[in-house]
Amino acid sequence: MSGIVRGISEDMHRQIIQAVFDEDTMSSTSVGMSDLSDEILLCILRHVPVCDLMKNVANVCHKLHTLCHDKTLLTNVSLSEEYQADDVLVRYILKQLANHMQSLSLNGCYWLSGSTMELLARCRGVTHLDVTGCRITSLRLSRLLSSLSLLRSLAFDVTPGFNSAQLSSEAVDSLSRLSELRQTLLTPSYGVVPCCAQLRKLMLQFDISDVTREGIGVCCQLMMGQSSVPHYQQLEEFTARLAPGEVNQTLLLLYLAVFSVHVPKRLRVFLVSIPGPNPAHWPAAPSLAQSLGQGGDLEALQLPRSWLDSFSLKRALEGNSPKHLSFSRCPALWTQVFQSLLEGGVRDAKQLTSLNLSGINKVLYSECRSVEDQLVPETMSRLAAGCSNIRQLNLMHTHYHHESSPGQGGETHLCASLAKLTHLRSLTLPACALSDGLNTHQVSINNTPSPLFLGLKKNPRVGLQNYKPDLESSLSEDSTSGLSLLLAGCPFLETLEVIGPGFVSALPRLEPCTRAGVEPRGMCEWARGVGDAHLAALEALPRLRRLSLAGLPGVLKGTGLVQLTQQCRDLRVLSLANMGSLKTMNYAPALLDSLKQCTQLQELRLEQPYLNANESFFEALSSCSRLQRLCLISRSGTFDPLAVENFMERCRHVIMCHMFMGGTLVACRTLQKVLLNRFSVERSALSVVIYPLQHEDLTLVIRDIPLTLLDRITLFQSHVAQPPHLSPL
C-alpha cells in the first residue's frame, strides 16, 4: 500500500473512531457498523481480502451482503498469498464473481488443482489474468484463451512439456490481441511470444537448470523458423530476470536476437538482471543504448556490467528523465553515472524514484581500498538535492569509511547526506555506512597478538572474529550520531537492509554467484563497529515493515534488537543472518525476547550457525500468531521435533516451514512427513521442507520448492531499488 493510500486510510480510521466513540458528539445510544454510511463502509471493505469479504463479511447482515457485492470491490480481485483459499473457496469465489471481475491474480497459488484452473474460463470479462505458479498446461491454457476473448494481459509459467502447437486457433487469436505478457520459463522455449504481435510489455523470468534431475545437460536449441522468432514491433517495455546458469543466459540471447536487427521505436523500459560476475556478452548493447537515448522518453534502464560502457551510458541518458536506474556491479560506470545525474546529463533528475548503485565501486574489494573507491558525502548530498524524489535506494556492496573532518558541503557523515532524501521509503546500506568511525580499541584487540604467544599463535581464520562481551562499552556515547541523522531525516522508511561485507547465504542456489563478488568477512574494520546500539537506534522508524540484517559481527548480545522490536510493532518481515560471532549464537536470549514482541510478523528468515531451535525458541516464536512463512538455515544447528510440531499446531497460519539445519536425513524426513500428514488437510498451501544443510542432494530438494517461496528463502530481500515487476537475483 502506498504512503498516500495509507495516510488516507489512517485518517479515515481516526474519523470513524471519533464518529463512533466521541461522547461529546453522540447520544448515549449504541452505534453499530450498520449506522455508518455506505461510503465509509466501502472504504473499510476495500482493505478486506476478497476471501474474507465473500466468506465471512457478506454473511453478517443484509446491508454488508449488498456492499460486499458492490462492483467497486469486485472489479480487481487478487488471491495472491491468500493461503487460506483452498479449492472449495476459490471455486465459490469464481462462481460468485465470474460476471464482475476484470482483473484476476492467482499469482503463487501453487496449491490449487487443475480442475479449479479450468473454471477460470467462466470469467469471460477478464482483461488481466495472472496464473503464475499455477498448474497451467498448454492444453489448459488453450481452453482458457479460447474463452477469454477480452484478455489483454497474461502471466503464466512455461513448464516442461509445453507445446505451443497444441494451442487452438481461437487461443492464438486471443494471444494476438495481448498487449502485456509475463512468462516464467522453466524449460527452454519461446512460450507464446511468437503469437503475440501486439505486445507492448514483455516480462520474462528465466529459471532453468543447466542439468536435469538425472544429471543430463539441458539443451537450449530452439526452432528458428519464421513462426517461432519473437517480433517486438510495438514493444515499449522489456524486462528479463535470470537465475544462475548458462542455459538461462543462452536463451536470453535468443530472445534478444531481434533487437540486434531492429530496436522498437517506442521502447522506453529495458531491464535485464543477470546474476554472477561474468554475464554473457551481447554485442548489440551499445546500439540499443543509442536507440533508447534518441526517443527522449526512457523510463527505466538496467544492463549487466559487461554490456555497457561510459560513452554508451551517456548517450542513453542524454535528454531523458528516467524513473528507475540500476547499475548494480558496474564499477566501470562509477564516474559517468554521477556525471549524468549531477551535471545535466539527464533532462530532469527529479523524475528519478528508484536507484540501484549496489557494488558500483571503482575497484573490486581489496585490503588497500583508497578514499576514491568509497562513497563521498558531498557527492551523495548533491545527488539528494538533484534527485530529491528518490523513494528506493540500494547502496549494498559499497563502502563508506567515516573520518572526523567535514566534507566540502559541511556534512560530517554520509548519513547526513542521505537524510536529505525525505521521500525515501526503501533503503539498503553497507554496514560501514552506519559507523561513526574506526573503533581503534577493537582493532588493536583483534590485530595485536600477545607477545607471550607471538611465536606459537596460529594465523586467524578469515571470517571468524574474536569478540569479548565488554567491547561494545568501548564505543563512544555518540557512536550512533550519524545513523540518528539519517533516521531523523527519513522517518517514513518502510524497508531497511543493512548488509555487512562478506555475507553469503549458505543455501546453494545463488551461493556460487554471490561469493564471486563478495569480499571476505571481517575485512572492513568500520563495519565491525556496528552493533547493538545501532539496532536500538532503529526504534525511531515507527513505520518499518521489512527489516533485513546480515553479516554484522559487532552485534554481541542482541539487546538492540529487543529495543527495536519494542517500538517497531508493525514489523511484517524480519530477516537475520550471521549476526555476531559465527562460533556461537550469543544473541539467542535477546532473539527470544524480540520474537515475543513481533505480534504482526508474517515472515521470518533466520540464518545462523549453531542455532538451537528448541522448545524455548518455538515457544517464543509462537507469539507471532500471524506468522505465515518460516525459514531456518543453520550449519550445525539442532531442532526439537516435538517443539516444531507444537509450534505448527499453535500458529495455524504458517504454510511455509523450511528448515535446513544439522541432524540426520532420517530425522529430517521423519519430521517432514509428520508435519505434512498432520496439517496438510487443513492447510492446502502447506509447504514443508526439512533437510540437512550440508547434504549432497540439497540442490535437488530446493528445485521442488514452489518458485514463489523459493525466491523468499534464497534471496536476502534484495528487491530494494527495483521496479515492482522486476526483483534481481
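Note that this is a predicted model, so its numbers are computed, not measured.

1. Describing the overall build of the protein
Helix and strand counts for the protein stand at 27 helices and 22 strands. Taken over 729 residues, the protein has a buried fraction of 54%. Taking contacts inside the protein between residues at least 6 apart in sequence as the whole, the part at least 24 apart equals 78%. On the protein, roughly 31200 Å² of surface is accessible, and the fraction owed to carbon and sulfur atoms is 52%.

2. Re the nonpolar core
Core analysis: the biggest nonpolar cluster contains 213 residues, and Phe 238 and Phe 270 have the highest contact counts within it. Leaving out residues up to four positions away in the same chain, Phe 270 has contacts with Phe 238, Leu 256, Phe 259, Trp 282, Leu 288, Leu 292, Ala 300, Leu 301, Gln 302 and Leu 303. Met 396, Ile 499, Phe 503 and Ala 550 belong to the second-largest nonpolar core, a separate cluster that totals five residues.

3. Describing the state of the cysteines
One pass over the full model with this rule turns up zero disulfides. In this structure Cys 568 is a free cysteine whose sulfur lies 9.3 Å from that of Cys 598, the closest cysteine sulfur available. For the unlinked cysteine Cys 657, the closest cysteine sulfur is that of Cys 631, found at 9.3 Å.

4. Focus on the pairing of strand E14 (residues 495-499)
Most of E14 is tucked away: five of the five residues are buried. Where strand E13 (residues 426-430) meets E14, five bridges bridge the pair, whose relative direction is parallel. Its bridge partner lying in E14, Thr 428 is registered against Glu 497.

5. Let's talk about helix H21 (residues 559-567)
Taken residue by residue, H21 has Gly 560, Leu 561, Val 562, Leu 564 and Thr 565 as its buried positions. Looking at the buried residues of H21, the elements they touch are helix H20 (532-537), strand E15 (546-552), strand E16 (573-579) and helix H22 (588-595).

6. Focus on unusual backbone geometry
One non-glycine residue, Glu 81, adopts positive backbone phi at about 65°. Take Glu 81: it is sitting in the loop between strand E1 (76-78) and helix H6 (87-97). Unusually for a residue other than glycine, Asn 578 sits at a positive phi of about 50°. Within the secondary structure, Asn 578 sits in strand E16. Judged by relative accessible area, which is 10%, Asn 578 ranks as buried.

7. Quick look at the confidence of the model for the protein
Of the residues in the protein, 81% reach a pLDDT of 70 or more, and the chain-wide mean stands at 83. Here residues 1-6 scores under 50 on pLDDT; set against residues more than four positions off or in separate chains, the count is six contacts. Between residues 716-729, whose pLDDT stays under 50, and residues either more than four places distant or in other chains, the model counts 68 contacts.

8. Brief notes about the environment of Ala 550
In this fold, Ala 550 is placed in strand E15. When the C-alpha positions of Ala 550 and Ser 505 are compared, they lie 9.4 Å apart, and in sequence the two are 45 residues distant.

9. Things to note about the packing of helix H13 (residues 334-342) against helix H14 (residues 377-386)
Put simply, H13 and H14 touch, their axes get as near as 10 Å, and they point 40° apart. Classed by the angle they form, the pair H13 and H14 counts as oblique. The interaxial crossing formed by H13 with H14 has left-handed handedness. In this structure, H13 contributes Phe 338, Leu 341 and Leu 342 to the contact, and H14 contributes Thr 379, Met 380, Arg 382 and Leu 383. Residue composition of the contact of H13 with H14, by class: five nonpolar, one polar and one charged.

10. Re the packing of aromatic side chains
Applying the stated rule across the entire model yields 15 aromatic pairs. Measuring from ring centre to ring centre gives 5.7 Å for Phe 259 and Phe 270, while their planes differ by 80°; the resulting arrangement is edge-to-face. Taken as a pair, Phe 259 in the loop between helix H10 (246-256) and strand E8 (269-273) and Phe 270 in strand E8 lie far apart in primary sequence, 11 residues in all. The burial state of Phe 259 is the same as that of Phe 270; both residues are buried. Ring geometry for Phe 618 against Phe 647: centres 5.4 Å apart, planes inclined by 45°, an arrangement best described as tilted. Here Phe 618 is found in helix H23 (residues 615-621), whereas its partner Phe 647 is found in helix H24 (residues 641-650), with 29 residues between them in sequence. Phe 647 matches Phe 618 in its accessibility class, with the two residues each being buried.

11. With respect to the packing of H24 against helix H25 (residues 665-679)
Two numbers describe how H24 lies on H25: the axes approach to 11 Å, and their chain directions differ by 20°. It follows from the interaxial angle that H24 and H25 lie roughly parallel. Here H24 and H25 pass one another in a crossing that is right-handed. For the pair formed by H24 and H25, the contact residues are Pro 641, Val 644, Glu 645, Met 648 and Glu 649 on the first element and Leu 671, Val 674, Leu 675, Arg 678 and Phe 679 on the second. Of the residues belonging to the contact of H24 with H25, the class tally is seven nonpolar, no polar and three charged.

12. So, the side chain of Asn 320
When you line up the elements, Asn 320 lands in the loop between helix H12 (310-317) and strand E10 (324-326). Here Ala 316 takes part through its backbone oxygen, which lies 3.0 Å from a polar atom of the side chain of Asn 320. Beyond its immediate chain neighbours, meaning those up to four positions away, Asn 320 contacts Leu 292, Gly 293, Gly 296, Asp 297, Leu 298, Val 346, Arg 347 and Asp 348.

13. Structural notes on the environment of Arg 305
Tracing the chain through its elements places Arg 305 in the loop between strand E9 (300-302) and H12. Here Arg 305 falls in the partly exposed class, since its relative accessible area comes to 29%. For Arg 305, the side chain forms a polar contact with the main-chain oxygen of Arg 329, separated by 3.5 Å.

Parameters and conventions
- Residues numbered from 1 in each chain as written.
- Predicted model: local features only at pLDDT ≥ 70, side-chain atom pairs only at ≥ 80, totals over all residues.
- Heavy atoms only, no water.
- Helix = DSSP H or I, 4+ residues; strand = E, 2+ residues; numbered from the N terminus.
- Buried < 20%, exposed > 50% of the residue type's maximum accessible area, 1.4 Å probe, protein only.
- Contact = heavy atoms within 4.5 Å.
- Areas by Shrake-Rupley, 256 points an atom, 1.4 Å probe, with all protein chains shown as cover.
- Core = buried A, V, L, I, M, F, W, Y, C linked by side-chain atoms within 4.5 Å.
- Disulfide = S-S within 2.5 Å.
- Pairing = 2+ DSSP bridges.
- pLDDT = per-residue confidence, 0-100.
- Axes fitted to C-alpha atoms, helices over the stretch in contact; angles between N-to-C directions.
- Parallel < 35°, antiparallel > 145°, perpendicular 65-115°, else oblique.
- Left-handed = near helix turned anticlockwise from the far one by under 90°.
- Nonpolar A, V, L, I, M, F, W, Y, C, P; charged D, E, K, R; others polar.
- Phe/Tyr/Trp six-rings, centres within 6.5 Å; stacked < 30°, edge-to-face > 60°.
- Polar contact = N/O pair within 3.5 Å; in protein donor to acceptor, adjacent residues only side chain to side chain.

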